[in-house]
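The chain contents come next:
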Amino acid sequence: MPEAFLTVTGLVAIAEIGDKTQLLSLLLAAKFRRPWPILAGILLATVANHALAAWAGVWLDQLVEPHYLRWALGASFIAMAVWTLKPDQLGEDEAPVKAGRFGAFLGTLLAFFLAEIGDKTQVATTALAARYGEVLVVTAASTLGLFAVNAPVVLLGERIMRVLPLDLVRKLAAAAFLIIGVVTLIGW
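Residues numbered from 1 in each chain as written. Predicted model: local features only at pLDDT ≥ 70, side-chain atom pairs only at ≥ 80, totals over all residues. Heavy atoms only, no water.

Asks: Would you mind showing me how to read the packing of helix α1 (residues 2–16) against helix α7 (residues 135–156) here?
Replies: Any two packed helices are characterised by how steeply their axes cross, that is the angle between the axes, and by the distance between the axes. Here α1 crosses α7 at 35 degrees, and the two axes come no closer than 7 Å. For α1 against α7, the interelement crossing comes out right-handed. When α1 is examined against α7, the residues Ala4, Phe5, Val8, Thr9, Val12, Ala13 and Glu16 are found in contact with a partner set consisting of Val137, Val138, Ala140, Ala141, Ser142, Leu144, Gly145, Leu146, Val149 and Asn150. The residue inventory of the contact of α1 with α7, partitioned by class, reads 12 nonpolar, 4 polar and 1 charged. (Axes fitted to C-alpha atoms, helices over the stretch in contact; angles between N-to-C directions. Helix = DSSP H or I, 4+ residues; strand = E, 2+ residues; numbered from the N terminus. Left-handed = near helix turned anticlockwise from the far one by under 90°. Contact = heavy atoms within 4.5 Å. Nonpolar A, V, L, I, M, F, W, Y, C, P; charged D, E, K, R; others polar.)

What follows is the structure, encoded as structure tokens:
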């Protein structure tokens, strides 16, 4: 399943750039200034969240007839393309203000797990797991993609966010989701 691993890693990484959880990573790094516990919290939260999402995707794959699932997945990938074009903003209620009393690791773990619920990358993980039918592969790949994008933000902070062309990245991510959606709809 190298194709699935590479596809999932790439799509999740691209979708995460400029996402609200990436903004959360930046806020956590600024608040705690302790990168290693923050990275450990992000990693563990992502593994748990994306394992649940991948399991749900495989479960849906087994529950829904292949013909209907193909149409649902194709439509969901196209919807992800449109959703990816909308820049995320971290609302005041999602900021890690209360996370401080738990410390860097536990605060990050809780804040990141909760922020990832219903997020683009979680929805994409569910859809990709339904497409590929592999919980472990999709969980590992989506975790790697998300972590690969968030680790530099935690380590380098605002410097990396200033030079990254977020608008171009969002457009590339949208194009990738659109292509996967169309390919899924036509049955390749």
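Asks: What is the right way to look at the nonpolar core in this model?
Replies: Inside soluble globular proteins, nonpolar side chains tend to come together where they are buried. Ranked by internal contacts, the top residues of the largest apolar core, which has 36 residues, are Val8, Ile38, Leu128, Val138 and Phe177. Going through the elements one at a time, α1, α2 (20–32), α3 (35–63), α4 (66–85), α5 (103–116), α6 (120–132), α7 and α9 (166–186) are the ones with two or more residues in this core. Ignoring sequence-local partners within four residues, the contact set of valine 138 consists of Val8, Ala54, Thr125, Leu128, Ala129 and Tyr132. (Core = buried A, V, L, I, M, F, W, Y, C linked by side-chain atoms within 4.5 Å. Buried < 20%, exposed > 50% of the residue type's maximum accessible area, 1.4 Å probe, protein only.)

Asks: Where do I start with the environment of alanine 174 in this structure?
Replies: Relative to the elements of secondary structure, alanine 174 occurs in helix α9. Each C-alpha atom of the pair alanine 174 and valine 82 lies 6.5 Å from the other, and the pair is 92 residues apart in sequence.

Asks: How do you make sense of a nonpolar patch on the surface when you look at a structure like this?
Replies: A cluster of nonpolar side chains, contributed by Leu44, Phe105, Leu106 and Leu110, occupies part of the molecular surface with about 310 Å² of accessible area. For the nonpolar patch, the element with the most residues is α5, which contributes 3 residues. Position of phenylalanine 105 relative to the elements: it lies in helix α5. We classify phenylalanine 105 as partly exposed; its relative accessible area is 33%. (Patch = residues over 30% accessible without salt bridge, like charges linked within 9 Å, V, L, I, M, F, W, Y side chains within 5 Å. Areas by Shrake-Rupley, 256 points an atom, 1.4 Å probe, with all protein chains shown as cover. Salt bridge = Lys/Arg side-chain N within 4 Å of Asp/Glu carboxyl O.)

Asks: Looking at this model, I keep getting lost on the side chain of threonine 21. Mind explaining?
Replies: Counting through the fold element by element, threonine 21 comes out in helix α2. Judged by its relative accessible area of 0%, threonine 21 is buried. If sequence neighbours within four positions are ignored, threonine 21 has contacts with Glu16, Phe112, Ala115, Glu116, Asp119 and Asn150.

Asks: Would you mind showing me how to read α2 here?
Replies: Each turn of an α-helix holds 3.6 residues, which means side chains three or four residues apart point in the same direction. With 13 residues, α2 should reach 18 Å at 1.5 Å per residue; the first-to-last C-alpha distance of 18 Å fits that figure. What α2 keeps buried is the set Lys20, Thr21, Gln22, Leu24, Ser25, Leu26, Leu28, Ala29 and Phe32. In the segment just after α2, arginine 33 is the residue with positive phi, at about 55 degrees. (Expected span 1.5 Å × (residues − 1).)

Asks: I'm lost on the environment of isoleucine 180 in this one. Help?
Replies: Within the secondary structure, isoleucine 180 sits in helix α9. It is 10.0 Å that separates the C-alpha atoms of isoleucine 180 and serine 76, two residues lying 104 residues apart in sequence. Apart from the residues within four sequence positions on either side, isoleucine 180 is in contact with Thr7, Leu11, Phe77 and Arg131.

Asks: Sorry, what's going on with α7 here?
Replies: Spanning 22 residues, α7 covers 32 Å between terminal C-alpha atoms, matching the ideal 32 Å at 1.5 Å per step. Remark: the principal bend of α7, roughly 25 degrees, maps to phenylalanine 147. (Bend = angle between axes of the 7 residues up to and from the residue.)

Asks: Is there a simple way to explain the packing of α6 against α7 in this structure?
Replies: Running from N to C, α6 and α7 point in directions that differ by 150 degrees, and their axes come no closer than 10 Å. Classed by the angle they form, the pair α6 and α7 counts as roughly antiparallel. The interaxial crossing formed by α6 with α7 has right-handed handedness. Residues Thr121, Thr125, Leu128, Ala129 and Tyr132 of α6 form the contact with α7, whose participating residues are Val138, Ser142 and Leu146. When its residues are assigned to classes, the contact of α6 with α7 shows 5 nonpolar, 3 polar and no charged. (Parallel < 35°, antiparallel > 145°, perpendicular 65-115°, else oblique.)

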